[in-house]
Amino acid sequence: MNSELTPLNVAVVGATGMVGRTMLAVLEARQFPVAQLWPVASARSVGSTVKFQGREVEVVSIEEALAQKPHVALFSAGGELSLEWAPRFAEVGTTVVDNSSAWRMSDSHQLVVPEVNGDVIREKDLVIANPNCTTMQLVMCLKPLHDRWKIERGVVNTYQ
């Protein structure tokens, strides 16, 4: 599927958490072209390993991952960490996709669900927000309905 894509160097920030482990599993399942992976976690997890593509990959600190200047950094380690570190990764040219709430309401950052509005991303957008899990799934279902009938309003309640 992705054999023609250029392999990218990828950092997964929050790699030892449930969402981070899922991100790694999805990268692997989707055969995302990863040249080099830097799983990032808290100081207590540095030196441990995560499994990726059939091998054990050592967890590194966020400082070490930043120094490597990855092409892409997937953040899922909380809003406070994202507010501090996502701009630092962007400064070195890394595209950050942030899974926290840190940038969702920001006028200066795109809020993106690729299958719905991926076309809004501009070259200068190095920190990209995504909505929470419930919203992401919902807008993917609503998009074709909206395209056909122009939804004007929706009311949704979630109990998480």
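This one's a predicted model, so the numbers in the text were calculated from it and none came from an experiment.

Comments concerning the environment of Ser42
Tracing the sequence through the fold places Ser42 in the loop between β2 (34-40) and β3 (49-52). For Ser42, a relative accessible area of 34% gives the class partly exposed. For the pair Ser42 and Leu81, spaced 39 residues apart in sequence, the C-alpha to C-alpha distance is 11 Å.

Examining the sheet that holds strand β7 (residues 127-129)
With parallel pairing, the five strands of this open sheet are ordered in space as β2-β1-β5-β6-β7. What marks the edges here is a single partner per strand, and that holds for β2 and β7. Taking the axes of each pair of neighbouring strands and ignoring which way they run, one obtains an average angle of 20° across the sheet. Running over the sheet, helix α1 (residues 18-29) touches β1 (8-13), β2 and β5 (72-75) and is turned about 155° from β1.

Concerning the packing of aromatic side chains
The full count for this structure, using the stated rule, is one aromatic pair. Between Phe75 and Phe89, the ring centres sit 5.5 Å apart and the planes meet at 85°, which makes this aromatic pair edge-to-face. Of the two residues, Phe75 sits in strand β5 while Phe89 sits in helix α3 (residues 79-91), which places them 14 residues apart along the sequence. Phe89 matches Phe75 in its accessibility class, with the two residues each being buried. The ring of Trp85 has Arg88 sitting right over it, with the charged end atom 3.9 Å from the ring centre.

Side note on the pairing of β1
It is a general feature of regular strands that their side chains alternate between the two faces of the sheet. Most of β1 sits inside the fold, with five of its six residues counted as buried. Following the backbone out of β1, through α1 and into the adjacent parallel β2, one traces a crossover that is right-handed.

Rules of the game
Residues numbered from 1 in each chain as written. Predicted model: local features only at pLDDT ≥ 70, side-chain atom pairs only at ≥ 80, totals over all residues. Heavy atoms only, no water. Helix = DSSP H or I, 4+ residues; strand = E, 2+ residues; numbered from the N terminus. Buried < 20%, exposed > 50% of the residue type's maximum accessible area, 1.4 Å probe, protein only. Pairing = 2+ DSSP bridges. Axes fitted to C-alpha atoms, helices over the stretch in contact; angles between N-to-C directions. Contact = heavy atoms within 4.5 Å. Phe/Tyr/Trp six-rings, centres within 6.5 Å; stacked < 30°, edge-to-face > 60°. Lys NZ or Arg CZ within 6 Å of the ring centre and 35° of its normal. Right-handed = clockwise from strand over helix to strand, strands pointing away.

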